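So you can see what is in the structure, the chains are spelled out below.
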Amino acid sequence: MTVKMMTAHEVTQKVFNKEELFILDVRNEDAFEDWKVEGEHFSYLNIPYFELLEGVEGILDKIPANQETLVVCAKEGSSVMVAEMLSEAGLAVSYLQGGMKAWSEHLEPVKVGDLKDGGEIYQFVRIGKGCLSYMVISDGEAAIIDATRMTDVFVDFAASKGAKITNVLDTHLHADHISGGRKIAERTGATYWLPPKDAEEVTFDYGALEDGHVVTVGNTAIDIQALYSPGHTIGSTSFVIDEQFLLSGDILFIDSIGRPDLAGKAEDWVGDLRKSLYSRYKELSEELIVLPAHFMIIDELNEDGSVAEKLGTLFAKNHGLNIEDEAEFRKLVTENLPPQPNAYQEIRETNMGKITPEEEKQREMEIGPNRCAVR
């Protein structure tokens, strides 16, 4: 049988469509336990590659004959060899092109809404990392929010829509992934916007996103209005777009809320977090569609693969928005913090412009799951 290659895009479509897939992950056990390809109807077998060097006969009875099998490793090479051995044994198998490295970097664009006068808003789902970026397109112009370092995807997508990138914005100084905002702005001549309280140590010029500031897209003037909402960082800023969508950054997620500790100031910032969620957001229309900068679990994806929910629904169902006692809120948030993101201090320094790691080093810095939430 011929060994087939499966791309990250094809696997993402299986996630979105809730298809079944059997995954043989040949990375070491600790790597698999920390982070894997996730899907609602995916099942798994983890056997480290070095245990299969002598052959795959010992695991043939563990692989379903009536289900599609995908072999996954870190960068592709090991999975190709294992897939070939399984194929020679008569099984129909594929391997993940580029391995977990490609899975970490794949971005899947999903249209999440129409704006006035033909405008559109797209969400870019970084399926393997849980990051969400956005593009607002109107009248031949585009604005990008919370771009990842895979900048070609955004530039090429805007070009495919006949749009010139005029503004690039970050909701905050990211600590879990490297921003592509500054690079896109330099490449396209767009203005790069940052909340000034997060930008005190940056080494480059930027536009200051103060509370209430409005960035417009296109002649139809779709508004991106800045709403100061500290708590994840001191400068965290949300965006209300066209009075329809609330881009909440890392403050509010579908099933969780933001963590306040990535600059080592959890006790100081947890009060800001509560005020942003329980006061500032309460003043907004419950009909706004919340578009966060991350998702934590695969269950947060909607039927079309998007991550979005009405603000009113989140106030009703998200536990982080329903803790009445402030002392209890402080306790729950500060005592339920997940492990720190991999290399988060280096990532922050990269996003400040203080260091410029080589591309392979940037990949290594970002490896692993998303850890920006308190659940």
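Whatever comes next refers back to the structure up there.
So, a few notes on the structure that sits alongside this text. Just so it is clear, the model here is predicted, and its values are computed rather than measured.

## Things to note about the overall build of the chain
Okay, so step 1: Helix and strand content of the chain: 11 helices and 20 strands.
Okay, so step 2: Rg of the C-alpha trace for the chain: 21 Å, near the compact-globule value of 21 Å for 375 residues, within the 12% margin.
Okay, so step 3: Reported as C-alpha extents along the three principal axes, the dimensions of the chain are approximately 65 × 50 × 40 Å.
Okay, so step 4: The buried share among the 375 residues of the chain stands at 58%.
Okay, so step 5: Working note: accessible area of the chain is about 15700 Å², and carbon and sulfur atoms make up 45% of it.

## Details of the sheet that holds strand β11 (residues 191-194)
Okay, so step 1: If you walk across this open sheet you meet the 7 strands as β6-β7-β8-β9-β10-β11-β12, and the pairing is mixed. The two strands at the open ends of the sheet, each matched to only one other strand, are β6 (108-114) and β12 (207-208).
Okay, so step 2: Direction of pairing for strand β10 (residues 164-169) relative to β11: parallel, over a ladder of 3 bridges. Across the sheet, the residue bridging to L169 is W193, located in β11.
Okay, so step 3: Contacting β6, β7 (120-126), β8 (131-138), β9 (141-145) and β10, helix α5 (residues 151-160) crosses the sheet at an angle of about 25° to β8.

## Observations regarding the side chain of H172
Okay, so step 1: Summarising the element assignment, H172 is placed in the loop between β10 and α6 (181-188).
Okay, so step 2: Among the polar contacts made by the side chain of H172, one reaches the side chain of H174 at a distance of 3.2 Å.
Okay, so step 3: Those residues in contact with H172 that sit more than four places away from it in its chain are L194, P195, D198, H232, T233, S236 and D250.

## Some words on the packing of aromatic side chains
The geometry of an aromatic ring pair comes down to the distance between the two centres and the angle between the two planes.
Okay, so step 1: Taken as a whole and assessed by the stated rule, the structure comprises 6 aromatic pairs.
Okay, so step 2: Ring geometry for F124 against F157: centres 5.2 Å apart, planes inclined by 85°, an arrangement best described as edge-to-face. On the criterion of sequence distance, the pair formed by F124 in strand β7 and F157 in helix α5 is long-range, its members being 33 residues apart.
Okay, so step 3: Members of the aromatic cluster, joined through ring pairs, are Y122, F124, F154 and F157.
Okay, so step 4: The residue whose ring lies beneath K36 is F32, and the NZ or CZ to ring-centre distance is 5.4 Å.

## Notes on the pattern of salt bridges
Okay, so step 1: Here the structure, examined in full by the defined rule, presents 20 salt bridges.
Okay, so step 2: The partner of E105 in a salt bridge is R363, with the nearest N and O atoms 2.6 Å apart. You can see E105 sitting in helix α4 (residues 99-105) and its partner R363 sitting in helix α11 (residues 359-366), a full 258 residues away along the chain. Taken as a pair, E105 and R363 share a single burial class, namely buried.
Okay, so step 3: A salt bridge links K310 to E287; its shortest N-O distance comes to 2.8 Å. Within this pair, whereas K310 is found in strand β19 (residues 309-310), its partner E287 is found in the loop between α7 (266-280) and β18 (289-292), the two being separated by 23 residues in sequence.
Okay, so step 4: Put simply, E105, R126, R149, E359, E360, R363 and E366 are held in one network by salt bridges that share partners.

## Regarding the packing of α5 against α6
Okay, so step 1: It is the contact of α5 with α6, at a shortest axis distance of 10 Å, that shows an interaxial angle of 45°. Between α5 and α6, the crossing angle belongs to the class labelled oblique. For the crossing formed where α5 meets α6, the hand is right-handed. Facing α5, whose interface residues are T151, D152, F154 and V155, α6 presents K183, I184, R187 and T188.
Okay, so step 2: Residue classes in the contact of α5 with α6 are distributed as 3 nonpolar, 2 polar and 3 charged.

Rules behind the numbers
- Counting restarts for each chain: residues are numbered from 1 in the order of the written sequence.
- With pLDDT at 70 or above as the cut-off, local features in this predicted model cover only qualifying residues; side-chain atom pairs require 80 or more to be listed or tallied, and sums for whole chains, interfaces and linings still use all residues.
- For the side-chain quantities, the full set of heavy atoms in the structure was used; hydrogens and water were omitted.
- Secondary structure elements are defined from DSSP: runs of H or I of at least 4 residues count as helices, runs of E of at least 2 residues count as strands, and each element is numbered from the N terminus.
- We compute the radius of gyration over the C-alpha atoms and compare it with the globule rule, which gives 2.2 Å times the number of residues raised to the power 0.38.
- Each residue's exposure class comes from its accessible area (1.4 Å probe, protein chains only) as a fraction of the maximum for that residue type: buried when under 20%, exposed when over 50%, partly exposed otherwise.
- Note on areas: these come from Shrake-Rupley sampling with a 1.4 Å probe, and a residue is covered only by the protein chains present in the view.
- By the convention used here, strands pair only if DSSP detects at least 2 bridges between them.
- Note on definitions: a residue-residue contact is assigned when non-hydrogen atoms from the two residues lie within 4.5 Å.
- A fitted line through C-alpha atoms represents every axis, and for helices the fit uses only the stretch in contact; the resulting angles, taken between N-to-C directions, go from 0 to 180 degrees.
- Polar contacts, as counted here, are pairs of nitrogen or oxygen atoms within 3.5 Å of one another; within protein the pair requires one atom able to donate a hydrogen and one able to accept it, and residues that are adjacent in sequence qualify only if both atoms are side-chain atoms.
- Planes of paired rings set the category: under 30 degrees apart is stacked, over 60 is edge-to-face and the rest tilted, where pairs are Phe, Tyr or Trp rings (Trp by its six-membered ring) whose centres lie within 6.5 Å.
- Here, a charge over a ring means that NZ of Lys or CZ of Arg falls within 6 Å of the ring centre while also lying within 35 degrees of the ring normal.
- In what follows, salt bridge is the name for a side-chain nitrogen of Lys or Arg lying within 4 Å of a carboxyl oxygen of Asp or Glu.
- Between 65 and 115 degrees an angle is taken as roughly perpendicular, under 35 as roughly parallel, over 145 as roughly antiparallel, and anywhere else as oblique.
- Each crossing gets its handedness from the near helix: less than a right angle anticlockwise from the far helix is left-handed, clockwise is right-handed.
- Gly is placed with the polar residues, together with every amino acid not listed as nonpolar (Ala, Val, Leu, Ile, Met, Phe, Trp, Tyr, Cys and Pro) or charged (Asp, Glu, Lys and Arg).

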